[in-house]
Amino acid sequence: MHGCLDLDPLFFNPNTDITEYKLDDFEGEQEIEVDAYKVTDSLNHIFTIDVGSANEKIYAVYVGDLDSIATDTVILYLHGNAGHMDYYWPRTKLLANVYGQNNYGVLMIDYRGYGLSEGTLSESNLYEDARAAVSWLAENGLTSDQFIIYGFSLGIAPAIELTANGAELSPFKIMIESPFASAEVMVQDASGLALRSSLFTNLKIDNAEEIKKINQPL
Amino acid sequence: MTPINYARGMSNKLTIHTGLQTTSLLYRTVQVDAGATYGMLKNEGWLPGISVSGTLNFLTDIREGNARLYPQLDANISWDYEKDHFMYVGSTNWIELNNTRAHNRPQSKRLLTGIQFGNTWNTPKWSYTAESKWLAPTRSSLYSVVDYKTYSWGGEPMGAVGLYFGIARNLRNEENNCFNNINFPIARMLGFRSTVLQSQY
């Protein structure tokens, strides 16, 4: 006899209480405030990408000129485990304006189950969604030598996974912020005991091990 | 966590007990325990009763078959009052046997300590326990993935606080029940969440 409940969903903390993405007009809580950074409205593009065998739609926002992705340097921003894209929108603006007004193209996605994106998030879906975002950039002409991955918190797992194990594009730089080592470390920190992660969760995220495969500047 | 426990009085000082964590089972981890509690001193007036308990906790998951064994040492002092109540204060200590933590980091913390206080109300057939336990009160939980509700020290959350409620059925008649003649708690619980419901049967 054994149960079928899972603690894995506790690791994800999506917010689905929105009916549309408002970006600059969003009045809810945001992760940081960066009022000084503006992005020209015409450079904000919200669209969907099909993911998975069921062709579920996840939402994405691209900041930049869609017609010049092939020649621009683009950052794929993989957000953290809370909220949705409006919550992280200030970070996207910040990245778009590093070293100058609208200097970088930035692509951000809401993983499955976040914001208006369909489906439910799991570890494999997390990687699959990020991989689909990379494919979208490749389809729009981006090349590896102008591709940067930026992972924040939860987002460092797909950032490291894709960089370490390959995707349609291989970034020439990877940036990680608020990283965590692995699911096992989180289980041990939370329990105070040297427990194996499989005693609590199906998650096998092991950033500390995967990052050893990465040769790109960090 | 909702364990099902069975305790049997072997003498007027010794109780053996075993338990199964049913909530863990629902999450595909088998957690069982077995041990003994020894009443060292009976409460006399203001002098508290003293009991010590040794337990082995075994956990194994159905996902990958990983397993862990944790010896546990508890000590409690207790006072009887109002005929069928007793209150207690004590310490729970889980002993870490593993020499390494995740990613082969050396093990530096061999003891997971908790402090608890509670009250038990004994009736001829049932006993009811309410307990509060502060696990790992000296360890920061600031960066824990679980947002524990707990006490803070210097603005930093420390450990985790759990509330436990137990109900136990007396399976033998009162005259012959050694367990009921020993006034000390047998609460042996590990709480990973901020609020934990325990039911003993």
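Basis of the calculations
Residues numbered from 1 in each chain as written. Chains lettered and ligands numbered in written order. Predicted model: local features only at pLDDT ≥ 70, side-chain atom pairs only at ≥ 80, totals over all residues. Heavy atoms only, no water. Helix = DSSP H or I, 4+ residues; strand = E, 2+ residues; numbered from the N terminus. Buried < 20%, exposed > 50% of the residue type's maximum accessible area, 1.4 Å probe, protein only. Polar contact = N/O pair within 3.5 Å; in protein donor to acceptor, adjacent residues only side chain to side chain. pLDDT = per-residue confidence, 0-100. Contact = heavy atoms within 4.5 Å. Axes fitted to C-alpha atoms, helices over the stretch in contact; angles between N-to-C directions. Left-handed = near helix turned anticlockwise from the far one by under 90°. Nonpolar A, V, L, I, M, F, W, Y, C, P; charged D, E, K, R; others polar. Core = buried A, V, L, I, M, F, W, Y, C linked by side-chain atoms within 4.5 Å. Expected span 1.5 Å × (residues − 1). Salt bridge = Lys/Arg side-chain N within 4 Å of Asp/Glu carboxyl O.

**Thoughts on the side chain of S191 of chain A**
Residues and elements named next belong to chain A. Within the fold, S191 resides in helix α4 (residues 183–191). Under the relative-accessibility criterion, S191 is labelled buried at 7%. A polar atom in the side chain of S191 sits 3.2 Å from the backbone nitrogen of L193.

**Things to note about the confidence of the model for chain B**
All names here are of chain B. Predicted confidence across chain B gives a mean pLDDT of 83, with 85% of residues reaching 70 or more. Low pLDDT (under 50) marks residues 174–201, which in the prediction has 112 contacts with non-local residues, meaning those over four places away or in another chain. If you check the scores for this complex, the pTM reads 0.83 and the ipTM reads 0.80.

**Details of the environment of D84 of chain B**
All names here are of chain B. By the element assignment, D84 lies in the loop between β5 (67–81) and β6 (85–95). You can call D84 partly exposed: its relative accessible area is 28%. On a C-alpha basis, the gap between D84 and L135 in space is 28 Å, while along the polypeptide they are 51 residues apart. Aside from chain neighbours lying at most four places away, what touches D84 is T120, W121 and N122.

**Regarding the packing of helix α2 (residues 123–139) of chain A against helix α3 (residues 156–165) of chain A**
Residue and element names in this part refer to chain A. Running from amino to carboxyl end, α2 crosses α3 at an angle of 65 degrees, the nearest separation of the two axes being 9 Å. Once α2 is placed against α3, the crossing between them reads as right-handed. Residues L126, Y127, A130, R131 and V134 of α2 touch α3, and the partners they reach there are A157, P158, E161 and L162. Residues that form the contact of α2 with α3 fall into these classes: seven nonpolar, no polar and two charged.

**Section: the nonpolar core**
All names here are of chain A. Within the largest apolar cluster, 44 residues are counted, with the highest numbers of intra-cluster contacts made by I49, L76, L107 and L137. Only β2 (44–51), β3 (56–63), β4 (74–78), β6 (105–109), α2, β7 (147–152), α3 and α4 provide two or more residues apiece to this core. When residues no more than four places from it in sequence are discounted, the contact partners of L107 are F47, A60, V61, Y62, I75, L76, Y77, A133, W136 and L137. Listed in part, the 23 residues of the second largest apolar core include A82, L95, V106 and I148.

**Some words on α2 of chain A**
Residue and element names in this part refer to chain A. In this model α2 runs 25 Å from its N-terminal to its C-terminal C-alpha over 17 residues, within 8% of the 24 Å that 1.5 Å per residue would give. By the criterion of burial, α2 is predominantly enclosed, with 13 of the 17 residues buried. Where α2 terminates, the next one or two residues include G141, which has phi positive at roughly 100 degrees.

**Some remarks on the pattern of salt bridges**
Residue and element names in this part refer to chain A. Tallied over the entire structure, the rule returns 14 salt bridges over all chains. Between E56 and R112 there is a salt bridge, and its shortest N-O distance comes to 3.3 Å. With E56 in strand β3 and R112 in the loop between β6 and α2, this residue pair connects regions lying 56 residues apart in the sequence. On the accessibility criterion, R112 (4% relative accessible area) is buried. Through salt bridges with shared partners, one network takes in E56, R112, E128 and D129.

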